[in-house]
Amino acid sequence: MLINYELSHLTAPSLFPAAKSLWLRDISMVESHSLLKQGNFVTKRFLFGPDAIAKFKTDAATNGVQNPTRVEVVSALIWKCAMGASKEACGSQNTSRVIHFVNLRKKLVSDMSKDFICIMIWIANAVCHPDSNETTLYGLASKVRESISKVDVEFVNKAQGNKGYIVMMKSLQEIGQVGSKGPIDNYNFTSWCNMGFYEIDFGWGKPSWETGLVGDGIPVFMNLVTLMDTKSGGGIEAWLILDEKEMKILQCNQELLAYASLDPSPL
């Protein structure tokens, strides 16, 4: 979960010594393997404009979600529609889980420079059971927000130092227990929003458009959603990788299409 490239004295292993231990590597490998599935995967891009997101956030706040972010409400909507697609494709509803990869860098209390070349992530875990009464859009938004909020400054501080492995191990064990209780649909989210990709200039100008991950034709992969800023700001481009059968259902979901456009021109 912790990937780093050394620069000066400050490295991920120096902040999180447990990253050197074999238990973290082994548990991470088992958990990562459980997220993989076989199928004919395809990729689709959905554009959520700033006006649609603003309305969505307002509606969510009105329905009890406290200060929802655009990433949280978009994640909840995609999760809800993906659950529906899975149920229609399979004929039954499995337990469903959203895994959000959370950037730890902004939660560190350190002298780390913004130019430091390092990736530090942890995973937030939100679960919805088939018999749950929280399958409404705003119920799922609350679940997503609650799970991400647990990976906060306090958690990161406790995870550091020689005793940090206890906190990290407990977190991974809780995540692993969910996946051991029968069939489960995993939906993995990674947010690249607010990372300033459109401001990068390597000498030939800033990018006109950035793309997410593409998984077309890969026989073994994972359900993956990459959330990215729109160039104009405020909106989100969601790159979804799902099994072809479920994607055909999802891309026709009218609740999703009420907020998003399917593969509009990027220019």
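Basis of the calculations
Residues numbered from 1 in each chain as written. Predicted model: local features only at pLDDT ≥ 70, side-chain atom pairs only at ≥ 80, totals over all residues. Heavy atoms only, no water. Helix = DSSP H or I, 4+ residues; strand = E, 2+ residues; numbered from the N terminus. Buried < 20%, exposed > 50% of the residue type's maximum accessible area, 1.4 Å probe, protein only. Polar contact = N/O pair within 3.5 Å; in protein donor to acceptor, adjacent residues only side chain to side chain. Contact = heavy atoms within 4.5 Å. Salt bridge = Lys/Arg side-chain N within 4 Å of Asp/Glu carboxyl O. pLDDT = per-residue confidence, 0-100. Axes fitted to C-alpha atoms, helices over the stretch in contact; angles between N-to-C directions. Parallel < 35°, antiparallel > 145°, perpendicular 65-115°, else oblique. Nonpolar A, V, L, I, M, F, W, Y, C, P; charged D, E, K, R; others polar. Core = buried A, V, L, I, M, F, W, Y, C linked by side-chain atoms within 4.5 Å. Left-handed = near helix turned anticlockwise from the far one by under 90°. Expected span 1.5 Å × (residues − 1). Arc of directions from axis to C-beta.

Participant: Got a minute to help me understand the side chain of Asn 223 in this structure?
Facilitator: Assignment of secondary structure puts Asn 223 in the loop between strand 7 (220-221) and strand 8 (224-229). According to the relative accessible area criterion, Asn 223 is buried, its value standing at 3%. A distance of 3.0 Å separates a polar atom in the side chain of Asn 223 from the backbone oxygen of Asn 186. Those residues in contact with Asn 223, other than ones at most four positions away along the chain, are Lys 37, Phe 41, Asn 186, Tyr 187, Asn 188, Ile 241, Leu 242 and Asp 243.

Participant: I would appreciate a short explanation of the pattern of salt bridges in the present structure.
Facilitator: Working definition: two side chains of opposite charge can pair if their charged atoms are close together. Scanning the entire structure with this criterion turns up eight salt bridges. Here Lys 158 ties to Glu 154 by a salt bridge, and the two come within 3.1 Å at their closest N and O atoms. Taken together, the positions of Lys 158 and Glu 154, both in helix 6 (residues 153-159) and four residues apart, correspond to about one turn of that helix. Taking relative accessible area as the criterion, Lys 158 reaches 48% and is therefore assigned partly exposed. For Glu 154, a relative accessible area of 48% corresponds to the partly exposed category. Two residues, Lys 206 and Glu 199, come together in a salt bridge whose shortest N-O distance is 2.8 Å. The partly exposed category is assigned to Lys 206, whose relative accessible area is 47%.

Participant: Explain the confidence of the model for the protein chain here, please?
Facilitator: Segments scoring low in pLDDT should not have their predicted coordinates read at a detailed level. Taken over all residues, the pLDDT of the protein chain has a mean of 83, while the share at 70 or more is 83%. Here residues 1-9 is a poorly scored stretch, pLDDT under 50, and it has 29 contacts once near neighbours within four places are set aside; other chains count.

Participant: Looking at this model, I keep getting lost on the packing of helix 3 (residues 50-62) against helix 4 (residues 70-90). Mind explaining?
Facilitator: Any two packed helices are characterised by how steeply their axes cross, that is the angle between the axes, and by the distance between the axes. At a closest axis distance of 10 Å, the pairing of helix 3 and helix 4 adopts a crossing angle of 85°. Taken together, the axes of helix 3 and helix 4 are roughly perpendicular relative to one another. Two secondary-structure elements touch here, helix 3 through Ile 53, Phe 56, Lys 57 and Ala 60 and helix 4 through Arg 70, Val 73, Val 74 and Leu 77. Classifying every residue of the contact of helix 3 with helix 4 gives six nonpolar, no polar and two charged.

Participant: Before we go on, may I ask you to explain the nonpolar core in this structure?
Facilitator: Across soluble globular proteins, nonpolar side chains show a tendency to be buried alongside one another. By size, the foremost hydrophobic cluster in this structure holds 61 residues, and its most contacted members are Phe 48, Ile 78, Trp 79 and Leu 227. Ignoring anything within four residues of it in the chain, the contact list for Trp 79 reads Ser 96, Arg 97, Val 98, Ala 126, Val 127, Cys 128, Leu 140, Lys 143, Val 144, Tyr 187 and Phe 189.

Participant: Got a minute to help me understand the packing of helix 4 against helix 5 (residues 137-150) in this structure?
Facilitator: Put simply, helix 4 and helix 5 touch, their axes get as near as 8 Å, and they point 125° apart. Overall, the two elements helix 4 and helix 5 adopt an arrangement that is oblique. In this structure, the crossing between helix 4 and helix 5 has a hand that is right-handed. Contact residues: helix 4 offers Glu 72, Ser 75, Ala 76, Leu 77, Trp 79, Lys 80 and Met 83, while helix 5 offers Leu 137, Leu 140, Ala 141, Lys 143, Val 144, Arg 145 and Ile 148.

Participant: How should helix 3 be read in this particular structure?
Facilitator: Because an α-helix packs 3.6 residues into every turn, residues spaced three or four apart end up facing the same way. Taking 1.5 Å per residue, 13 residues should reach 18 Å; helix 3 reaches 18 Å between its end C-alpha atoms and fits that length. Among the residues of helix 3, Ile 53, Phe 56 and Ala 60 are the ones counted as buried. One side of helix 3 holds all its buried residues, which, seen down the axis, span an arc of 60°. What points out from helix 3, more than 90 degrees from its buried face, is the exposed set Asp 51 and Thr 62. As for helix 3, its buried residues are in contact with strand 3 (41-48), helix 4, helix 5 and strand 9 (236-243). Gly 64 sits one or two residues past helix 3 and shows a positive phi near 100°.

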